[in-house]
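The chain contents come next:
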Amino acid sequence: MTQSDSAGATSAPIRKRPKRLWAAALMNIAIALLSLTMLTLIIARPELREQMGTSTASLALALFLGVALIASSALALLGKPWARWLMLAAAAVYYGTLVVQNLQLMSTPDMTELFRQKLVTNAGRSLLELAINAWALLSAKTRRYFDWSPDAAASLHQRSDDSAVESNG
């Protein structure tokens, strides 16, 4: 037995993250980082915040949602089984909030047609980003990836032991 054979025999099998998980998580991280960069600019320039009419509460909410999207996406990339649901929830709230904001702005009566088209485009992009997250996180490949985690394997083993005891006992 060679040294590499003995090392492979003792280590757990290497699982590859699905490319769709990489794509969705990296997309979320990039978009949230861009959002946080813009928030930093707004916070650093009080005159800009006044001109936009943003409150401290809305800035804090936007900051929290951006950080939550980054953290949940990173945890999902690390393979934590519960993190895919956290990432999906964070994406739904983050992108859903953007869709609602765009729809609310579209109902403004003094809206120019060009700005209304931009809002429709923004809402559509946010819905597409949400759909990418759903596709990536709910697919069979991703489900198998998360179900193969050591925590899931241990709980599956525990459940099968419990059911064997119940049927024999």
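Being a predicted model, the structure only gives us computed values, none of them experimental.

A. Main features of the nonpolar core. By size, the foremost hydrophobic cluster in this structure holds 13 residues, and its most contacted members are L69, Y94 and Y95. Of all elements in the fold, only α2 (19-44), α4 (56-77) and α5 (83-106) reach the threshold of two or more residues within this core. With 5 residues, α2 is the largest single contributor of residues to this core. For Y95, the contacting residues outside a window of four places in its chain are M27, N28, I31, L69, S126, E129, L130 and N133. Of all hydrophobic cores here, the second largest spans 12 residues; its members include L77, A83, M87 and L88.

B. How the structure looks around the packing of α2 against α5. Following both chains from N to C, one finds α2 and α5 inclined at 45 degrees, their axes separated by 12 Å at the closest point. Our classification of the angle between α2 and α5 gives oblique. Crossing angle aside, the handedness with which α2 passes α5 is left-handed. Contacts between α2 and α5 pair L21, A24, A25, M27, N28, I31, A32 and S35 from the former with M87, A91, Y94 and Y95 from the latter. Taken together, the residues that form the contact of α2 with α5 break down as 10 nonpolar, 2 polar and no charged.

So, how was this worked out
- Residues numbered from 1 in each chain as written.
- Predicted model: local features only at pLDDT ≥ 70, side-chain atom pairs only at ≥ 80, totals over all residues.
- Heavy atoms only, no water.
- Core = buried A, V, L, I, M, F, W, Y, C linked by side-chain atoms within 4.5 Å.
- Buried < 20%, exposed > 50% of the residue type's maximum accessible area, 1.4 Å probe, protein only.
- Helix = DSSP H or I, 4+ residues; strand = E, 2+ residues; numbered from the N terminus.
- Contact = heavy atoms within 4.5 Å.
- Axes fitted to C-alpha atoms, helices over the stretch in contact; angles between N-to-C directions.
- Parallel < 35°, antiparallel > 145°, perpendicular 65-115°, else oblique.
- Left-handed = near helix turned anticlockwise from the far one by under 90°.
- Nonpolar A, V, L, I, M, F, W, Y, C, P; charged D, E, K, R; others polar.

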